[in-house]
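# Fold and contact review
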Amino acid sequence: MDITGQTRICAIVADPVQQVKAPQLINAWVDKKCVNAVLVPMQVAPAELASWAQAMRGLKNLDGFIATVPHKIAMCDLCDEVSPAAALVGAVNIVRRDPDGRLIGHILDGEGFVAGLRRSNIALEGKRVMLCGAGGAANAIAFALMAAGVAALAIYNRTTAKAQELIDRLKPIYPSGELTLATDSPVGFDLIVNATSLGMSETDPLPFRAYQLVATQIVAEIIMKPALTPVLAVAQEKGCTVQFGLPMLECQIDLMADFMRLGQR
Ligand SMILES: NC(=O)c1ccc[n+]([C@@H]2O[C@H](COP(=O)([O-])OP(=O)(O)OC[C@H]3O[C@@H](n4cnc5c(N)ncnc54)[C@H](OP(=O)(O)O)[C@@H]3O)[C@@H](O)[C@H]2O)c1
């Protein structure tokens with residue numbers, strides 16, 4: 001990669017940032033497409049996000065940035081405009097900087113998650129799904145699962161009020177969908193999704209009662225590091241089909257580059 005004065009910049013903003021995988025994936029995309037651009041990691045504390053976003057408005061050779069933990073929800077409010085999908089979810093994970101400096105946000109997490117499952121030949125139509133988590137990623141996944149035609153979606157989250165609030169936003173859009181709060185038990189579900197951050201740290205507890213899993217169930221993870229999280233390890237021991245976290249991001253790379261118009265200016 002030769003960085004020149006013409007090189008376009010994009011970024012990933014996170015805190016911490018050391019664990020992110022997007023730099024490798026986007027920079028490999030840049031190499032493959034022979035685009036004069038580079039993605040750099042930027043570690044920004046939540047308290048500094050607004051002033052950082054303001055500085056990005058003035059950075060004329062910036063095409064855009066990926067926003068990830070813990071900034072997806074806060075960044076949605078800081079954008080000058082967001083897509084209808086991002087407005088529904090209340091979070092953004094990709095932001096384009098238009099030539100006039102305006103920041104335009106969109107969310108691709110749900111689309112990426114569903115595409116990753118389909119790439120693994122896991123059908124969603126008619127499935128009964130338990131979703132653990134109600135944060136930025138879980139919100140996006142919930143809307144995408146309903147759009148993909150699951151029969152029932154039950155949401156379990158440490159902060160129950162956030163799970164209920166997500167259900168309340170889904171219900172008007174999917175009035176005939178079976179949308180409920182879940183307990184921490186996976187019994188009776190076809191697919192269980194861990195969309196919490198539990199599993200990133202070695203000392204984390206399991207996100208749900210994984211010892212109740214049976215071999216006919218599918219367990220999907222969205223954490224990418226470590227690849228084999230404790231909950232996936234238990235699921236594998238129980239003989240379940242498992243879906244790792246990386247495909248969700250891999251399936252977003254083309255879409256992210258396209259949204260930022262990377263290499264098109
Ligand atoms: N593979 C991919 O492409 C991809 C994409 C996006 C995100 N991710 C990963 O997904 C994870 C979540 O991201 P996010 O953006 O949704 O984060 P977030 O908005 O901060 O949400 C975190 C979620 O985890 C729960 N949680 C956190 N600590 C917990 C604890 N100690 N006990 C119980 N629940 C806890 C939170 O519950 P409360 O609501 O109670 O706080 C919330 O539901 C991260 O690990 C991120 O790296 C992966």
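No experiment lies behind these values; they were computed from the predicted model shown.

## Quick word on helix H7 (residues 160-170)
One turn of an α-helix holds 3.6 residues; hence residues three or four places apart share an orientation. Turning to H7, its buried residues are Ala-163, Leu-166, Ile-167 and Leu-170. Buried residues of H7, seen end-on, are gathered within an arc of 100 degrees and therefore sit on one face of the element.

## Some thoughts on the UniProt feature "domain: Quinate/shikimate 5-dehydrogenase/glutamyl-tRNA reductase" (unreviewed entry) in the chain
When the UniProt feature table is mapped onto this chain, "domain: Quinate/shikimate 5-dehydrogenase/glutamyl-tRNA reductase" (unreviewed entry) is found at residues 123-196. Along residues 123-196 one finds 31% helix and 24% strand; the C-alpha atoms at either end are 22 Å apart.

## Here we look at the packing of aromatic side chains
For any pair of aromatic rings, the description consists of the separation of the ring centres together with the inter-plane angle of the planes. Applying the stated criterion to the full structure yields 1 aromatic pair. An angle of 75 degrees between the planes, with centres 4.7 Å apart, marks the rings of Trp-52 and Phe-65 as edge-to-face. One end of the pair, Trp-52, is in helix H2 (residues 49-57); the other, Phe-65, is in strand E3 (residues 62-67), with 13 residues separating them in the sequence. The buried category is assigned to Trp-52, whose relative accessible area is 10%. Assessed through its relative accessible area of 0%, Phe-65 is described here as buried. Its guanidinium or amino end placed over the ring of Phe-259, Arg-96 lies 4.8 Å from that ring's centre, counting from NZ or CZ.

Cut-offs and rules
Residues numbered from 1 in each chain as written. Predicted model: local features only at pLDDT ≥ 70, side-chain atom pairs only at ≥ 80, totals over all residues. Heavy atoms only, no water. Buried < 20%, exposed > 50% of the residue type's maximum accessible area, 1.4 Å probe, protein only. Helix = DSSP H or I, 4+ residues; strand = E, 2+ residues; numbered from the N terminus. Arc of directions from axis to C-beta. UniProt positions renumbered as here; feature names shortened; annotations may be inferred. Phe/Tyr/Trp six-rings, centres within 6.5 Å; stacked < 30°, edge-to-face > 60°. Lys NZ or Arg CZ within 6 Å of the ring centre and 35° of its normal.

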